[in-house]
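# Fold and contact review
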Amino acid sequence: QVQLVESGGGLVQAGGSLRLSCAASGRTFSTYAMGWFRQAPGKEREFVSAITWSAGNTYYADSVKGRFTISRDNRKNTVYLQMNSAKPEDTAVYYCAADPVYGGSPFGVGKYVYWGQGTQVTVSS
């Protein structure tokens, strides 16, 4: 069992930066791929970014590519999402998720087994 707790959300002006953190419990964190998803009001949860267990590969949605950076520190059981050049359309609840199964596409919601409770990010124009 893995528990995930997100933090770092808040209000930021357009063009600003924010760093989200996701702290994980459990000794097997370092073996899991991790992902960030977001959900805006009235919309489906969508993929934002993912990182493999070794941080050897990272993935981004086209809408955030070049602006967001995912990273992880396996010694601290934490994954991060650095958000730069924020846009109002980035406003959403952001969730981190853990995928314990090696391989496969990292883009789908169904790939991930463990989810955090979410943290609100609001970007003002």
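Note that the coordinates shown come from a computational prediction; the quantities given were computed from them, not determined experimentally.

Let us look at the sheet that holds strand E1 (residues 4-7). Overall, antiparallel pairing links the four strands, which are arranged E1-E3-E8-E7 in an open sheet. Strand pairing shows two members of the sheet lacking a second neighbour, E1 and strand E7 (68-73), which therefore form its edges. Neighbour-to-neighbour, the strand axes of the sheet open up by a mean angle of 15°, direction not taken into account. Pairing of E7 with strand E8 (residues 78-83), which is carried by six bridges, proceeds in the antiparallel orientation. Bridge pairing links Asp 73 to Thr 78 in E8.

Turning our eyes to something else, we now look at the layout of surface pockets. Considered as a void within the structure, the largest pocket measures approximately 250 Å³ in volume. Across the lining of the largest pocket, the residue classes tally to ten nonpolar, five polar and two charged.

Attention shifts here to the side chain of Thr 78. By the element assignment, Thr 78 lies in strand E8. The exposure class of Thr 78 is buried, given its relative accessible area of 9%. Here Lys 76 takes part through its backbone oxygen, which lies 2.8 Å from a polar atom of the side chain of Thr 78. Discounting chain neighbours no more than four positions away, the residues touching Thr 78 are Ser 21, Cys 22, Ala 23, Phe 29, Arg 72 and Asp 73.

Our focus in this paragraph is the environment of Gly 103. Relative to the helices and strands, Gly 103 is located in the loop between strand E9 (92-99) and strand E10 (114-115). Here the alpha-carbon distance between Gly 103 and Thr 52, two residues 51 residues apart in the chain, equals 9.0 Å.

Basis of the calculations
In every chain, residue numbers begin from 1 and rise along the written sequence. The model is predicted, so local features are restricted to residues of pLDDT at least 70 and side-chain atom pairs to those at 80 or more, both for listing and for counting; the totals for chains, interfaces and linings are taken over all residues. Note: side-chain values were computed over all heavy atoms of the structure, leaving out hydrogens and water. We call two strands paired when DSSP finds no fewer than two bridges between them. Think of it this way: any DSSP run of H or I at least four residues long counts as a helix, any run of E at least two long counts as a strand, and we number them from the N terminus. Fitting a line to C-alpha atoms yields each axis, with helices limited to the stretch in contact; the angle taken between N-to-C directions then spans 0 to 180 degrees. Detection works on a 1 Å grid of protein atoms alone, calling trapped sets that fit a 1.4 Å probe cavities and calling open sets with protein on both sides within 12 Å along at least five of seven lines pockets, with lining residues defined by an atom within 4 Å of a point. Grid points are joined across faces, edges and corners, and a volume is the space filled by probe spheres set on the points. Under the convention adopted here, Pro, Cys and the residues Ala, Val, Leu, Ile, Met, Phe, Trp and Tyr are nonpolar, Asp, Glu, Lys and Arg are charged, and Gly plus all remaining residues are polar. Exposure is judged per residue with a 1.4 Å probe applied to protein chains only, and the accessible area is read against the type maximum: over 50% gives exposed, under 20% gives buried, and values in between give partly exposed. In protein, a polar contact means a hydrogen-donor-capable atom and an acceptor-capable atom, both N or O and within 3.5 Å, with residues adjacent in sequence counting only if both atoms are side-chain atoms; elsewhere, any N or O pair within 3.5 Å suffices. Whether two residues touch is decided by their heavy atoms; if any such pair falls within 4.5 Å, the residues are in contact.

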